[in-house]
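# Geometric and topological summary
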Amino acid sequence: MTHDALVTDYIASLARSGWRASDLIDAVRDHITIDTTYAARTLSRPGLLSHAEVTQLTEDLDHLHAALTGLPDRLFGGDMAAFARAVGATEAQALACVRGRSAAPPRMGRADLLLDDVGFRLMEVNWTSAVGGLDTAGLNRRLLELPFFAEFAERQGLTFIDPMVELVDTLFTECKVPTGTRPVVGLVDWPASFETLEPQLRKSAEWLGAFGMDAYPCHVGQLRYADGRVWLEDLAIDVVYRLFLMEDLLDDSGPALIEPVLRAAERGEVALFTAMDSELYGSKAALALLSDEAMRQHLAPRELACIDRILPWTRMVRYGPVTVAGKRVELTEYAADQQPELILKPTLFHGGMGVVQGWKTTREDWRQRIEAAVDQPFVLQRRIHATPEPFPTDTGIEKITLAWGAFMVSRGYGGMLVRGSPDADSLLSVNLGATATCCFHQTRPT
């Protein structure tokens, strides 16, 4: 069954049940509370993926992981600091990444994608344990308790992957937690963001407790270091679940707060999940390296096919020629000519911060933005034209554009956070107006 046919069958199933879209949302309200990813709202149906789509996506995520995490060795001779500088890190960030490098390529992250009329296309990768949306599966379970949805799911062979289960497996694997033990995990945020995120982190800590760990939310300034351990008040911490980001090193207090954590991890006093270098693979500059023709000789055939399939044209903003569709053009001239089809993005920020959409600004402002970005940590990326999807309302159908956040974990594809909006330019953040939902996928062709 195709993606469109699967969606059409859901809408017909809802209509036959006699339920309205608002009835469904009311029925799941206890699972979309303000202290969850859903922030008290959800769409009128989940994201739905056909068997062919989820099979191809799973394969592509594996190849994307191999290609991105292979960049330091393939292009920089294993020099992590050189790779860090190449993808837009400051000197302080580069040094932190060298010291906080993981022993093996990290597996915790989320690829944010759009679905066009050909398939999934990649917007960005968030490669860190600080990704949001890991708590989505409560809605999956609640939907399966509704008779009409349970019947639809059974007929279509639908299932879901719980991102929280995959997160815990990845943490235990990467932090080498001994089998049969129950680690004490600090959910360690940055002081400024902890003020607003603390309620959600406390909810997450409750959920994680059911998966074999004792989790405690805090910010990095609350940790202390003594007697060969890292402490939160009187609790000895086994794992620092890192919610603070590399961009926090740009804060005046950043290096002083992060340095003791890195030292403790280096001494083996605490495990750090995820290591500092993981965010480098999520830099938009890393995607620019993969997109560049010079990289093609370093990619295995299946990696190359994956990159050609899912990654839009992406380049660092520099004066000089670049290749577009086999032709050499001057980048700034191309940017001016193709303004409605390009997006300007900072390399290491997240959640839409600092993004300039060419189709939403004036020619003069666009020109000035491009000139200011030359030789700075910015990329230009080709716009993706996502295909809006039908969603039921109480009075008919509305078209919603979806952003698909596919989790990448130790076992591969780790479930999905789906966000949607009638405004295709406000997809990446619930704070910017997007509404979240969960995702089901087919286990078999139908």
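These notes cover the structure that comes with them. From a predicted model like this one, the values you see are computed outputs, not experimental measurements. (Residues numbered from 1 in each chain as written. Predicted model: local features only at pLDDT ≥ 70, side-chain atom pairs only at ≥ 80, totals over all residues. Heavy atoms only, no water.)

## A short note on the sheet that holds strand E8 (residues 229–232)
Strand order across the open sheet formed by 3 strands is E7-E8-E9, with antiparallel pairing between neighbours. Edge positions in the sheet fall to strand E7 (223–226) and strand E9 (235–237), since each of these pairs with one other strand and no more. Across the sheet, the axes of successive neighbouring strands diverge by a mean angle of 45 degrees, strand direction being ignored. Pairing analysis gives 3 bridges linking E8 to E9, with the strands arranged antiparallel. Looking at E9, one finds that Trp231 is bridged to Ala236. (Pairing = 2+ DSSP bridges. Helix = DSSP H or I, 4+ residues; strand = E, 2+ residues; numbered from the N terminus. Axes fitted to C-alpha atoms, helices over the stretch in contact; angles between N-to-C directions.)

## Some remarks on the sheet that holds strand E15 (residues 342–346)
Ordered in space as E12-E17-E15-E16, the 4 strands form an open sheet in which the pairing is antiparallel. The strands lining the two open edges of the sheet, one partner per strand, are strand E12 (314–316) and strand E16 (356–357). Those strands touched by helix H12 (residues 284–291) are E12, E15 and strand E17 (378–382), and its axis lies near 110 degrees from that of E12. (Contact = heavy atoms within 4.5 Å.)

## Comments concerning the packing of aromatic side chains
Counted under the stated rule, the structure contains 15 aromatic pairs. Ring plane angle 80 degrees and centroid distance 5.8 Å describe the contact between Phe120 and Trp404, whose orientation is recorded as edge-to-face. One end of the pair, Phe120, is in strand E3 (residues 120–126); the other, Trp404, is in strand E19 (residues 397–409), with 284 residues separating them in the sequence. On the accessibility criterion, Trp404 (1% relative accessible area) is buried. Aromatic side chains Trp127 and Tyr281 sit 6.3 Å apart centroid to centroid with 70 degrees between the ring planes, which places their arrangement in the edge-to-face category. Of the two residues, Trp127 is situated in the loop between E3 and helix H7 (137–144) and Tyr281 in the loop between strand E11 (271–273) and H12; the sequence distance between them amounts to 154 residues. For the pair Trp127 and Tyr281, a shared accessibility class is recorded, and that class is buried. In this structure an aromatic cluster arises from ring pairing among Tyr10, Trp19, Phe148, Phe149, Phe152, Phe160 and Phe440. Stacked on the ring of Phe244, the Lys or Arg Arg242 has its end atom at 5.9 Å from the ring centre. Against the face of Trp359 rests Arg383, its NZ or CZ located 3.8 Å from the ring centre. (Phe/Tyr/Trp six-rings, centres within 6.5 Å; stacked < 30°, edge-to-face > 60°. Buried < 20%, exposed > 50% of the residue type's maximum accessible area, 1.4 Å probe, protein only. Lys NZ or Arg CZ within 6 Å of the ring centre and 35° of its normal.)

## Section: the packing of helix H1 (residues 3–17) against helix H8 (residues 147–156)
At their nearest, the axes of H1 and H8 sit 10 Å apart, and the two run at 145 degrees to each other. Crossing of H1 over H8 shows right-handed handedness. Along its contact with H1, which presents Leu6, Asp9, Tyr10, Ser13, Leu14, Arg16 and Ser17, the element H8 presents Phe148, Phe149, Phe152, Arg155 and Gln156. Residue composition of the contact of H1 with H8, by class: 6 nonpolar, 3 polar and 3 charged. (Left-handed = near helix turned anticlockwise from the far one by under 90°. Nonpolar A, V, L, I, M, F, W, Y, C, P; charged D, E, K, R; others polar.)

## Let's talk about H1
One turn of the α-helix equals 3.6 residues, which is why residues spaced by three or four share an orientation. A rise of 1.5 Å per residue sets the reference length of H1, with its 15 residues, at 21 Å; its end C-alpha atoms lie 22 Å apart and thus fit the reference within 8%. All buried positions along H1 are accounted for by His3, Leu6, Val7, Asp9, Tyr10, Ile11, Ser13 and Leu14. Backbone geometry just after H1 places Gly18 at a positive phi near 85 degrees. (Expected span 1.5 Å × (residues − 1).)

## With respect to the pairing of strand E22 (residues 439–442)
Taken residue by residue, a regular strand's side chains alternate between the two faces of the sheet. Where burial is concerned, the two faces of E22 agree: the one with Cys439 and His441 and the one with Phe440 and Gln442 are both buried. Sheet topology note: the strand E1 (residues 47–49)/E22 ladder contains 3 bridges and is parallel. For Leu48, the partnering residue across the bridge sits in E22 and is Phe440. Of the strand pairs in this sheet, strand E4 (residues 158–159) and E22 are connected by 2 bridges, and their pairing is antiparallel. Across the sheet, the residue bridging to Leu158 is Gln442, located in E22.

## Quick look at unusual backbone geometry
Going from Phe273 to Thr274, the amide bond is cis rather than trans, its omega being -5 degrees. Among the structural elements, Thr274 can be located in the loop between E11 and H12. Phi at Asp375 is positive, roughly 65 degrees, even though this residue is not glycine. Residue class for Asp375 comes out exposed when judged on its relative accessible area of 51%.

## Structural notes on the side chain of Gln339
Examined against the element boundaries, Gln339 turns out to sit in the loop between helix H14 (331–337) and E15. Under the relative-accessibility criterion, Gln339 is labelled buried at 4%. Here the side chain of Gln339 touches Thr361 through a polar contact of 3.0 Å, landing on its backbone oxygen. Sequence-distant contacts of Gln339, that is, excluding residues within four places in its chain, are made with Gly358, Trp359, Thr361, Thr362, Arg363 and Trp366. (Polar contact = N/O pair within 3.5 Å; in protein donor to acceptor, adjacent residues only side chain to side chain.)

## As for the state of the cysteines
Applying the stated criterion to the full structure yields 0 disulfides. Cys97 takes part in no disulfide bond, and the closest cysteine sulfur to it belongs to Cys175, at a distance of 17 Å. Cys439 supplies the cysteine sulfur nearest to Cys438, a cysteine that is in no disulfide, at a spacing of 7.5 Å. (Disulfide = S-S within 2.5 Å.)

## Re the pattern of salt bridges
Under the defined criterion, the tally for this structure stands at 30 salt bridges. Of the charged contacts, one joins Arg229 and Asp238 as a salt bridge, the two residues approaching to 2.9 Å between their closest N and O atoms. Overall, the relative accessible area of 27% leaves Arg229 in the partly exposed class. Judged by relative accessible area, which is 31%, Asp238 ranks as partly exposed. The salt bridge partner of Arg315 is Asp292, with a shortest N-O separation of 3.7 Å. Here Asp292 lies in the loop between H12 and helix H13 (301–310) and Arg315 lies in strand E12, a separation of 23 residues in the sequence. In the salt-bridge network here, residues are joined through shared partners; they are Asp9, Glu151 and Arg155. (Salt bridge = Lys/Arg side-chain N within 4 Å of Asp/Glu carboxyl O.)

As far as function goes, none of this settles anything; it's purely spatial.
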